[in-house]
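Next come the chains, spelled out residue by residue.
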Amino acid sequence: MSDVRDRLLEAVERMPAFPESVHQVLTLSQDINCSQKELVEVIKKDPVFTLKILRLVNSPYFGLSREITSINHASVYLGLNTLKNVALGLAAVGAIPRSASTRMDMGAFWLHSLAVATCASMLGRKLGVSRDDTANYFASGLLHDIGKVVFALYLPEEFEKVVVKASAQGEPMHQCELEIIGATHADLGGMLADKWNLPSELRDAIALHHSSGGIGSQLNDCLFIANQITKKLSFGSAGNFVVEPLAESMVNRFSMDMDALIADLPSLAEEVESARIFIKLGESR
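This section reports on the structure supplied with the text. (Residues numbered from 1 in each chain as written. Predicted model: local features only at pLDDT ≥ 70, side-chain atom pairs only at ≥ 80, totals over all residues. Heavy atoms only, no water.)

## Section: the overall build of the protein
Definition in use: Helix and strand assignments follow DSSP, with helices taken as H or I runs no shorter than four residues and strands as E runs no shorter than two, numbered in order from the N terminus. The atom set for the radius of gyration is the C-alpha atoms, and the globule formula is 2.2 Å times the number of residues raised to the power 0.38. In this scheme, a residue with accessible area under 20% of its type's maximum is buried, one over 50% is exposed, and one in between is partly exposed, where area comes from a 1.4 Å probe on protein chains only.
Looking only at helices and strands, the protein has 18 helices and 0 strands in total. Against the globule reference of 19 Å for 285 residues, the protein gives a C-alpha radius of gyration of 18 Å, in line with a compact fold. Taking the principal axes of the C-alpha coordinates as reference, the protein spans close to 50 × 45 × 35 Å. Looking at the protein as a whole, 55% of its 285 residues qualify as buried.

Dropping the structure here:
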């Protein structure tokens, strides 16, 4: 088992680090005494990143009624938590090496991830979560499968076997990963979250996103349900189409089964479309 962990650690270490400005944003935002002004000053030191955030904030995704022309204004309109998660999402997309596209269909991968992010946010709002706090739900959805990218990049032969086995036998991908590699993409995603110094709530969401036992937090439940809904509706693909059943406690949380929840999310496709700018801006260098 230690050999497996060593190989995973080596793969995670090969992933690019976040830009220093994003690293500082994450560090600052985990300090309960951090002020809006401190966070804004850190972002303003990185002009390229500042421009990306302003373009995102002024996109249809946020649908603001007036143009935002400065990070100071953006922080007021969005709130600290949303600003932090916008920075985090853009940085994570930008950290994926270009070579990933030769081993994975990154267009399909990001569409799946965006759809899970959007759906998890919508489910959170259904439960009364504020817009600023649903930024955590969006970030967890965007990054939940990031471990698959690490597998594809740095353990490509084993990952290819996983994809073939999952496809041929109709098994959940994480089960095939466990059999062939000895760990899952959720395990690897949790390790990458540690390297990137992500907030503990986000790290746990990534690491536990296949836990369906109904003992999860509200965020984890929304993430699990969003993942299954997205697979059922075929939004993109992260290599696995097995739709896993919802735990009874998840159904009880919403007083709806999966089909009823899908019917209650009529604007999902439209919201996913407006969120595509995350990927466009994140991938631009």
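## Digging into the side chain of N85
Mapped onto the elements of the fold, N85 is located in helix α6 (residues 80-94). Judged by its relative accessible area of 7%, N85 falls in the buried class.

## Observations concerning helix α11 (residues 173-180)
Given 3.6 residues per turn, any residue in an α-helix points the same way as the ones three and four places further on. Just so we agree on the cut-off: The directions considered for the arc are those from the helix axis to the C-beta atoms. The criterion used for residue contact is that any of the two residues' heavy atoms lie within 4.5 Å.
The set of residues buried in α11 consists of M173, H174, C176 and E177. One face of α11 carries all of its buried residues, which in axial projection span an arc of 160°. Those residues of α11 that are buried lie in contact with α9 (146-154), α10 (156-169) and α12 (185-195). Following α11 by one or two positions, G182 has its phi on the positive side, about 95°.

## Points about the environment of G189
Along the polypeptide, G189 turns up in helix α12. By relative accessible area, which is 0% here, G189 ends up buried. Between the C-alpha atom of G189 and that of A115, which follows or precedes it by 74 residues, the distance is 18 Å. Leaving out residues up to four positions away in the same chain, G189 has contacts with I146, G147 and I206.

## Examining the packing of α10 against α11
If you want to describe how two helices pack, look at the angle between their axes and the distance between the axes. Put simply, the rule is: For helices, the axis comes from a line fit to the C-alpha atoms of the stretch in contact; other axes are also lines fit to C-alpha atoms, and the angle between any two N-to-C directions lies between 0 and 180 degrees. Convention used here: angles under 35 degrees read as roughly parallel, angles over 145 as roughly antiparallel, angles from 65 to 115 as roughly perpendicular, and any remaining angle as oblique. In this scheme the crossing of two helices becomes right-handed for a clockwise turn of the near helix relative to the far one and left-handed for an anticlockwise turn of less than a right angle.
The geometry of α10 relative to α11 is characterised by a closest axis approach of 9 Å and an angle of 130° between their N-to-C directions. Considered as vectors, α10 and α11 are oriented oblique to each other. For the crossing formed where α10 meets α11, the hand is right-handed. Contacts from E158, F159, K161, V162, V163, K165 and A166 of α10 reach α11 at M173, C176, E177, E179 and I180.

## Here we look at the packing of aromatic side chains
To be explicit about the condition: Stacked, edge-to-face and tilted are the three classes for Phe, Tyr and Trp ring pairs, Trp counted by its six-membered ring, which pair at centre distances within 6.5 Å; planes under 30 degrees apart are stacked, over 60 edge-to-face, the rest tilted.
Under the definition given, this model contains 7 aromatic pairs. Here the aromatic rings of F18 and W196 are separated by 4.4 Å at their centres, their planes lie at 25°, and the arrangement is stacked. A residue pair is termed long-range when its members are at least 10 positions apart, and F18 in the loop between α1 (2-13) and α2 (20-29) and W196 in the loop between α12 and α13 (200-207) qualify at 178 residues. Residues F18 and W196 agree in their burial class; the two are buried. Ring geometry for F151 versus F159: centroids 6.1 Å apart, planes at 25°, classification stacked. Members of the aromatic cluster, joined through ring pairs, are Y61, F62, F138 and F278.

## Observations concerning helix α8 (residues 131-143)
How we decide: Here the expected span of a helix is defined as 1.5 Å times the quantity of residues minus one.
With 13 residues, α8 ought to run about 18 Å at 1.5 Å a step, and its terminal C-alpha atoms sit 19 Å apart, in line with that. All buried positions along α8 are accounted for by T134, A135, N136, Y137, F138, A139, S140, G141, L142 and L143.

## Comments concerning the side chain of E171
Looking at the secondary structure, you find E171 in the loop between α10 and α11. Beyond its immediate chain neighbours, meaning those up to four positions away, E171 contacts K165, A166, C176, E179, N240 and V242.

## So, the nonpolar core
Most often, soluble globular proteins have nonpolar side chains that are buried together. Counted only if it meets this: What is meant by a nonpolar core is a set of buried Ala, Val, Leu, Ile, Met, Phe, Trp, Tyr and Cys residues, joined one to another through side-chain atoms within 4.5 Å.
F18, I53, W110, L142, W196, L198 and F278 are the most contacted members of the largest nonpolar core, which has 76 residues in total. Here this core gets 8 residues from one element, more than from any other, and that element is α6. Sequence-distant contacts of L198, that is, excluding residues within four places in its chain, are made with F18, L26, Q30, L88, L143, A193 and I206. In this structure, L123, A205, C222 and F224 belong to the second largest nonpolar core, which totals 28 residues.

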